[in-house]
Amino acid sequence: MGAAVKRITRAGIYSIPAEDYHADPVKGGSMTSTTARRLVQAPPARVRYELAHPPQSSDAQIIGQAVHTLVLHVGPTPERIDAPDWRTKAARQARDEALKFGKVPLLAHQYDRAYAMADAVCKHPVAGRLVDPARGRPEQTMVWQDPETEVWCRAMVDHLPHQRDDQRPILVDLKTTVAGDSKALAKTIAQHGYHQQAAWYLAGYRALHPGSDPAFLFVFVEKDPPHLVRVVELDEQALDLGAELNRRALWTYAECTATGRWPGHSPEIELVSLPPWAWSRLEEAV
């Protein structure tokens, strides 16, 4: 984070660069939806390590970032590198030059795919309207304090609507996916904790706009041609589950930050059973 960036000390909505958001601009530290999801999946010690040592972006994440930039018109500019891979010296030099100027270098096939995916989103009759600049602002950061745990929270919304008394506020999150059918999306949402993300963002919006009734929609675009698009809203049961998991994560985070202790696995000897599928193999053999 640059030295000129001021620390955030109060609840509100802020327009800040993504790199500042990920560096946590909130004075004293804050918690994100990603941290909440990890705290219900892994021991706090591992989560703390991940916070201090964020992994490098994968190719899929880099392409996803490019799609976000092309759809939302905010973020680092994708740079097309006319090469099939990074094995040649010329390709690596072009990549380094793009990075030097703050751009996102993409191989030719990655660049073409990102543009095709972004184009599919913008041409979709519903998704295109949801991300229309006239409807709201891209990549807005919400900062609020959880009233129960007093933990400061933050969330960067892909598209935050303008406040209007005559319309229900609809928050939008753009995601890429391998398959967009209902069964595949349900599995993806559960595996990645997107129900927690939706509940987290809705809680943040309500905290900043008391009495409001926001909705949260996911826009999924498939990675492979023809890059089909689906707009999804989670049902009440999924959001309730996400909210309960977030509540547990908030209490865990509050305790860890207050005590300075981020426990790992249990120090006791524990009994472990085989998963059900292991026993089914025995039955099949018999």
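As shown above, the structure is provided for reference.
Each chain has its residues counted from 1, following the order in which its sequence is written. In keeping with the predicted nature of the model, local features appear solely for residues at pLDDT of at least 70, side-chain atom pairs appear and are counted solely at 80 or more, and the whole-chain, interface and lining totals rest on all residues. Hydrogens and water molecules were not included; the side-chain quantities draw on all heavy atoms of the structure.

### Some words on the environment of Pro138
Definition in use: To qualify as a helix, a DSSP run of H or I must reach at least 4 residues; to qualify as a strand, a run of E must reach at least 2; elements of each kind are numbered from the N terminus. Note on exposure labels: buried denotes an accessible area under 20% of the residue type's maximum, exposed denotes more than 50%, and partly exposed covers the range between, all computed with a 1.4 Å probe on protein chains only. Contacts between residues were defined by any pair of non-hydrogen atoms, one from each residue, lying within 4.5 Å.
Mapping Pro138 onto the fold places it in strand E4 (residues 136-145). Note on Pro138: relative accessible area 24%, which makes it partly exposed. Distance from Pro138 to Val172, taken between C-alpha atoms, is 9.3 Å for residues 34 residues apart in sequence. Once you skip the residues sitting within four places of it in the chain, Pro138 turns out to touch Leu72, Val74, Val157, Asp158 and His159.

### Quick look at the pattern of salt bridges
We apply this condition: Definition used for salt bridges: Asp or Glu carboxyl oxygen within 4 Å of a side-chain nitrogen of Lys or Arg.
For the structure on display, the rule yields 14 salt bridges. The closest approach of N and O atoms between Asp85 and Arg87, which form a salt bridge, is 2.9 Å. Between Arg168 and Asp213 there is a salt bridge whose closest N-O contact spans 3.4 Å. You can see Arg168 sitting in the loop between strand E5 (152-161) and strand E6 (170-177) and its partner Asp213 sitting in the loop between helix H9 (194-208) and strand E7 (215-222), a full 45 residues away along the chain. Residue Arg168 is classed as partly exposed on the basis of its relative accessible area, which comes to 45%. When salt bridges that share partners are traced, they join Arg80, Asp82 and Asp112 into one network.

### Considerations on the pairing of E4
Basically, it comes down to this: Pairing between two strands is assigned when DSSP locates at least 2 bridges connecting them.
Counting buried positions over the ten residues of E4 gives seven, a clear majority of the element. Sheet topology places strand E1 (residues 12-14) next to E4; three bridges connect them, and they run antiparallel. Across the sheet, the residue bridging to Tyr14 is Thr141, located in E4. The antiparallel hairpin formed by E4 and E5 contains six residues in its connecting segment, where Glu150 sits at a positive phi of about 65°.

### Observations concerning the nonpolar core
Spelled out, the test is: What we call a nonpolar core is a set of buried Ala, Val, Leu, Ile, Met, Phe, Trp, Tyr and Cys residues that are connected through their side-chain atoms within 4.5 Å.
Core analysis: the largest hydrophobic core is formed by 33 residues, its most contacted members being Met31, Met142, Leu171, Trp200, Tyr201 and Phe218. Of all the secondary-structure elements, those providing two or more residues to this core are helix H2 (33-39), E4, E5, helix H8 (182-192), H9, E7 and helix H10 (236-259). For Tyr201, the residues in contact, after removing those within four places along its chain, are Ser33, Met142, Ala155, Met156, Val157, Leu171 and Phe216. Of all hydrophobic cores here, the second largest spans 23 residues; its members include Leu70, Leu106, Ala120 and Val219.

### Examining the packing of H9 against H10
Condition: To get an axis, a line is fitted to the C-alpha atoms, and for a helix only the part in contact is used. The angle between two axes follows their N-to-C directions and goes from 0 to 180 degrees. Angle categories: roughly parallel below 35 degrees, roughly antiparallel above 145, roughly perpendicular from 65 to 115, and oblique for all the rest. For this classification, Asp, Glu, Lys and Arg are treated as charged, while Ala, Val, Leu, Ile, Met, Phe, Trp, Tyr, Cys and Pro are nonpolar and the rest, including Gly, are polar.
At a minimum axis separation of 7 Å, H9 and H10 run at an interaxial angle of 80°. Of the possible angle classes, the one that applies to H9 and H10 is roughly perpendicular. Between H9 and H10, the residues in contact are His195, Gln196, Ala198, Ala199, Trp200 and Leu202 and Ala238, Leu239, Leu241, Gly242, Ala243, Leu245, Asn246 and Leu250, respectively. For the contact of H9 with H10, the residue count by class is ten nonpolar, four polar and no charged.

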